[in-house]
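Now for the letters of each chain:
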Amino acid sequence: MSEKRPLIQPRTLKGFRDYLPTAAIPREAMMETARRVFRSYGFAPIDTPALEYEEILTGKGGEESDKQMFRFEDSGGRRVAMRFDLTVPLARFVAQHAGELGTPFKRYHIGPVWRGENTQRGRYREFTQCDFDTVGTTSIASDVETALVMHDLLDALEVGEFTIHLNNRKVLSGLLERLDLSERSAEVLRALDKLAKIGPEKVAAEMRETAGASDDQCARVLEFAGLEGDTDAVLRALAPLVAGSEVGERGVQELRELFAGVAAAGVSGSRVRLDVAIARGLDYYTGTVYETFLAELPEIGSVGSGGRYDELASLYTKQDLPGVGASLGLDRLFSALEHLGKLETRATTADVFLPFFSQDRRDDYLRLAALLRREGVSVEFYPEPRKLGAQLKYADKRGHRVALVIGDDEWEAGTAQAKVLATKDSHDVALEPTADLARRLRELSA
RNA sequence: GUGGAUAUAGCUCAGUUGGUUAGAGCGCCGGUUUGUGGCACCGGAGGUCGGGGGUUCAAAUCCCCUUAUCCACCCCA
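Residues numbered from 1 in each chain as written. Chains lettered and ligands numbered in written order. Predicted model: local features only at pLDDT ≥ 70, side-chain atom pairs only at ≥ 80, totals over all residues. Heavy atoms only, no water.

Chemist: Is there a simple way to think about helix 12 (residues 330-339) in this case?
Modeler: Note that an α-helix has 3.6 residues per turn; residues three or four places apart therefore point the same way. Helix 12 sits mainly inside the fold: seven of its 10 residues count as buried. Among all positions of helix 12, only Leu330, Asp331, Leu333, Phe334, Ser335, Ala336 and Leu337 are buried. As for helix 12, its buried residues are in contact with helix 1 (21-40), strand 6 (126-135), helix 5 (140-156), strand 9 (288-294) and strand 11 (323-329). (Buried < 20%, exposed > 50% of the residue type's maximum accessible area, 1.4 Å probe, protein only. Helix = DSSP H or I, 4+ residues; strand = E, 2+ residues; numbered from the N terminus. Contact = heavy atoms within 4.5 Å.)

Next up, the structure:
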């Protein structure tokens, strides 16, 4: 025991974090909210392994994601990789289980993903995504629902004002087709994605450099990207720019239907915006694309995004499995809310605190706590008979709502003092019947 | 991955041109009649100055390496 050995320095890997109760409690609450919203649309939960065969994951999201993927050989000599997102594993999943699932298939999946990139606020190497997707239909109704879910989610999470930016890859394709830039679409879109951040001149410069675009082509792309204002007006302005391109015209039509559907479902026009400049980095999107920004902290980046990918599962199956979905970046959103002071931090999960006061009554306390839990009240019983003041201080620090103070006198009388910690108000309550006591405690905890 | 900044008690920070046992505030623990918390007073614990190496009689202070965090680029949730 007294032998001295060198201590190992406790530390965590770059981009990986511990969650203390004050962070883990609100984080779990966010996940519960997300589950509730997903389920309200009929999405069902699934889970998949963190580790996949390397060939399943690589080459799906473009060069950049391959570079950032954690890859290695397992002890059985298999080339493996940790999932980079939840969408590619979904594609594998539906290709593998299509027969048992049936379509359309709606699933949600909450879990960690790993990306070996450099860290910053809201950018980690291990972070949790809340994904929801609809597979097996090309109906625009599912594109609409995807926007609605994202909307309901952020609304339920009480993040303040936000805007869901919508666009359609087909419109971009149509434009590039008209401009003879289809061959370099990836480069053009990557440059275009930065418009809001670096401005038109630099975007043009990058397009000239990486995509070999001419001045005229740059001007046309920027004119297109500069379209702003009322959704209907932008859609009208868009039409002539893609006229003659079959994909482009279809893209504009899809956008029309998308906005009509979202409006029909009652979403405020201020929360959705047609933003023709968003292109999304991931290579697999083929239709609608989504990006969500917080009004109070846009610089942290998109807190939720996604899109339609009609070809993704085709890498694993000959079956036609188009899909559309999006992902809420839980940790980035969490980081934003923390930064904005919008997180409620409590270090306890129990509403009611039961001080251990009368030393000889331990079993009575234990029995009462058990009865209350059976009535659905969360109760923490302090394990040591310390001074009442110290116990109340503990309860106050942790954030319990109500302290149920019972000393010798109360045990004799069959009553207790229910003390609301926040206001210091005491209420006399009867210990029996337990159901009534539980109801009273619930009222006081609210 | 590239460039820059930072790294001292649980937290926020001080530590003068390298020099005796490294400080403060807050927090934490205990006490001020073992029946009532956020105030006050008293006392206490807690740091090999991110880690490793080097220069020096002497380093938290200078040099090198390393790890992490933040910022920009890149990319994205």
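Once you've had a look at it, read on.
Chemist: Honestly, the pattern of salt bridges in this entry has me stumped. Any pointers?
Modeler: Opposite charge on two side chains lets them pair, provided their charged atoms get close. Taken as a whole and assessed by the stated rule, the structure comprises 26 salt bridges. Taking the shortest distance from any N to any O, the salt bridge between aspartate 133 and arginine 107 comes out at 2.4 Å. One end of the pair, aspartate 133, is in strand 6; the other, arginine 107, is in strand 5 (residues 105-114), with 26 residues separating them in the sequence. Judged on exposure class, the residue aspartate 133 and its partner arginine 107 are both buried. One salt-bridge network, held together by shared partners, links Arg361, Asp364, Arg367 and Glu412. (Salt bridge = Lys/Arg side-chain N within 4 Å of Asp/Glu carboxyl O.)

Chemist: What am I meant to see in the domain arrangement of chain A here?
Modeler: In many reports, interface size means the accessible area that the parts give up when they come together. As far as domains go, chain A holds domain 1 (21-194 + 224-339) and domain 2 (352-445). Each of domain 1 and domain 2 has a C-alpha centre, and the two are 48 Å apart. (Domains from an automatic or database assignment.)

Chemist: What is the right way to look at the environment of arginine 92 in this model?
Modeler: With respect to the element layout, arginine 92 can be found in helix 4 (residues 87-101). Using a relative accessible area of 12% as the deciding quantity, one classes arginine 92 as buried. Along the chain, arginine 92 and tyrosine 285 lie 193 residues apart, while their C-alpha atoms are 16 Å from each other.

Chemist: Please explain the sheet that holds strand 15 (residues 415-420) as it appears in this structure.
Modeler: Within a sheet, adjacent strands bond to each other through the backbone by hydrogen bonds, running parallel or antiparallel. Spatially, the five strands line up as an open sheet ordered 13-12-14-15-16, and their pairing is mixed. Among the strands making up the open sheet, the edge pair consists of strand 13 (379-381) and strand 16 (425-430). When strand polarity is set aside, the average angle formed by the axes of neighbouring strands in this sheet is 25°. In the sheet, strand 15 pairs with strand 16 via six bridges, with the strands oriented antiparallel. Looking at strand 16, one finds that glutamine 417 is bridged to aspartate 428. Docked against the sheet, helix 14 (residues 388-398) engages strand 12 (352-354), strand 13 and strand 14 (402-405), running at close to 160° with respect to strand 12. (Pairing = 2+ DSSP bridges. Axes fitted to C-alpha atoms, helices over the stretch in contact; angles between N-to-C directions.)

Chemist: Would you mind going over the packing of aromatic side chains with me for this structure?
Modeler: Geometrically, a pair of aromatic rings is defined through the distance of the ring centres and the angle of the planes. What the rule picks out here adds up to 14 aromatic pairs. Between phenylalanine 353 and tyrosine 382, the ring centres sit 6.0 Å apart and the planes meet at 70°, which makes this aromatic pair edge-to-face. Taken together, the residues span a long stretch of sequence, with phenylalanine 353 in strand 12 and tyrosine 382 in the loop between strand 13 and helix 14 at a distance of 29 residues. The burial state of phenylalanine 353 is the same as that of tyrosine 382; both residues are buried. Connected via pairs of aromatic rings, a cluster forms that spans Phe38, Phe43, Tyr108 and Phe132. The aromatic ring of phenylalanine 84 is capped on one face by arginine 115, whose charged end is 4.1 Å from the ring centroid. (Phe/Tyr/Trp six-rings, centres within 6.5 Å; stacked < 30°, edge-to-face > 60°. Lys NZ or Arg CZ within 6 Å of the ring centre and 35° of its normal.)

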